[in-house]
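Inside the fold
Spelled out from the first residue to the last, the chains are:
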Amino acid sequence: AAYFINGTAPLYLAYQFTLNKPDTLRGLLLDFNYIFVNQANYSFRLAVWDNTGPGGSPGNLKFEDSKIYNPEFVDSMNARYHDSLNGFTFYPYHFSHDSAISGTFYVGWVQTFGDSLNIGYDFNTDHHNQIYYNVGSGWIPGSYPGSMMMRPVFGKANVHAPILNTSPIQQN
């Protein structure tokens, strides 16, 4: 299944998350699926909003990435990272510095080209009350039961991590 919004770019899609303690947002795992048209030429930028809008909806835009992405699909051999179990592809945020985030916030994208950027949609768990979209006239809550296949990735980059030796073990 897929979730998408129709309209003329820019289109905004936001998904609410709440943290129990502050953490560093590194990127998003997204599961785009190929439906109707080839979306590979569509483009988007990652974004983060606070929850200061009416009723806790997306409010102030806290960050909009300058990097423009195109959807990558699980069957793409060029995908930077994809999880073979659920088909997620990792898209990193390009903050100028580590971005600590806390409390309730929204992650998502600003669609800059194309009309129907389809993200995987899971009907088994209902989080539609955490989904908002904006086609230019304000934030509208999601209405279809389910969950978008969009997951934030947290944690500081470990620049001091050891490099593991991946040479084959010699048998004696």
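Here, every reference points to the structure presented above.
Report on the accompanying structure. Nothing here was measured: the structure is a model prediction, and the numbers come from that model. (Residues numbered from 1 in each chain as written. Predicted model: local features only at pLDDT ≥ 70, side-chain atom pairs only at ≥ 80, totals over all residues. Heavy atoms only, no water.)

Topic: the overall build of the chain
The cut-off we apply is this: The way it works is that DSSP assigns letters per residue, a run of H or I at least four long becomes a helix, a run of E at least two long becomes a strand, and they are numbered from the N terminus. Residue burial is assigned from relative accessible area. The probe radius is 1.4 Å, only protein chains are included, and a residue is buried under 20% of its type maximum, exposed over 50%, and partly exposed in between. Only heavy atoms enter the contact rule, under which two residues are in contact if any of them lie within 4.5 Å.
Looking only at helices and strands, one finds zero helices and eleven strands in the chain. Taking all 172 residues of the chain together, 41% fall into the buried category. By sequence separation, contacts in the chain at least 24 residues apart represent 75% of the contacts at least 6 residues apart.

Here's the deal with the pairing of strand β8 (residues 131-134)
Formally: Any two strands with at least two DSSP-identified bridges between them are counted as paired.
Pairing analysis gives four bridges linking strand β2 (residues 11-30) to β8, with the strands arranged antiparallel. Across the sheet, residue Leu-13 finds its bridge partner in β8, namely Tyr-133.

Topic: the nonpolar core
Cut-off, in case you're wondering: Only buried Ala, Val, Leu, Ile, Met, Phe, Trp, Tyr and Cys residues count toward a nonpolar core, and they belong to the same one when joined by side-chain atoms within 4.5 Å.
Among the nonpolar cores identified, the biggest contains 26 residues, and Leu-13, Leu-30, Phe-44, Trp-109, Ile-119, Met-148 and Met-150 are the most heavily contacted of them. If you list the elements that add at least two residues to this core, you get β2, β3 (43-50), β6 (100-113) and β7 (119-122). Among the elements that make up this core, the one with the highest residue count is β2 (seven residues). Counting six residues, the second-largest nonpolar core is a separate cluster that includes Ala-47, Trp-49, Val-110 and Tyr-132.

Comments concerning the sheet that holds strand β10 (residues 147-148)
Read from one edge of the open sheet, three strands run β1-β7-β10, paired in antiparallel fashion. Only two strands of the sheet have a single neighbouring strand rather than two, namely β1 (2-3) and β10.

Considering the packing of aromatic side chains
Worth spelling out the cut-off: Any two rings among Phe, Tyr and Trp, with Trp reduced to its six-membered ring, count as a pair given centres within 6.5 Å; such a pair is stacked if its planes are under 30 degrees apart, edge-to-face if over 60, and tilted if neither.
According to the stated counting rule, one finds eleven aromatic pairs in the structure shown. Plain terms: the ring middles of Tyr-106 and Tyr-132 are 5.6 Å apart, the flat faces sit at 85° to each other, and that makes the pair edge-to-face. Placement of Tyr-106 in strand β6 and of Tyr-132 in strand β8 is noted, with a sequence separation of 26 residues between them. The pair formed by Tyr-106 and Tyr-132 is uniform in burial state, with each residue classed as buried.

Let's talk about the side chain of Asp-50
Applicable threshold: In this charge count, Lys and Arg are treated as positive and Asp and Glu as negative; neither His nor the chain ends contribute. We define a salt bridge as a contact between a side-chain nitrogen of Lys or Arg and a carboxyl oxygen of Asp or Glu at a distance within 4 Å. Counting of polar contacts relies on pairs of N or O atoms within 3.5 Å, with two restrictions inside protein: one atom must be capable of donating a hydrogen and the other of accepting it, and residues adjacent in sequence are counted only when both atoms are side-chain atoms.
Along the chain, the position of Asp-50 falls in strand β3. One buried charged residue, Asp-50, remains without a salt bridge, the closest side chain of opposite sign being Lys-62 at 4.4 Å. A distance of 2.7 Å separates a polar side-chain atom of Asp-50 from the backbone nitrogen of Asn-60. Those residues in contact with Asp-50 that sit more than four places away from it in its chain are Ser-57, Pro-58, Gly-59, Asn-60, Lys-62 and Tyr-106.

Observations concerning the environment of Tyr-106
Judged by relative accessible area, Tyr-106 falls into the buried class, the value being 0%. Separated by 44 residues in sequence, Tyr-106 and Lys-62 have C-alpha atoms that sit 9.5 Å apart. Within polar-contact distance, the side chain of Tyr-106 engages the backbone oxygen of Gly-56 at 2.6 Å.

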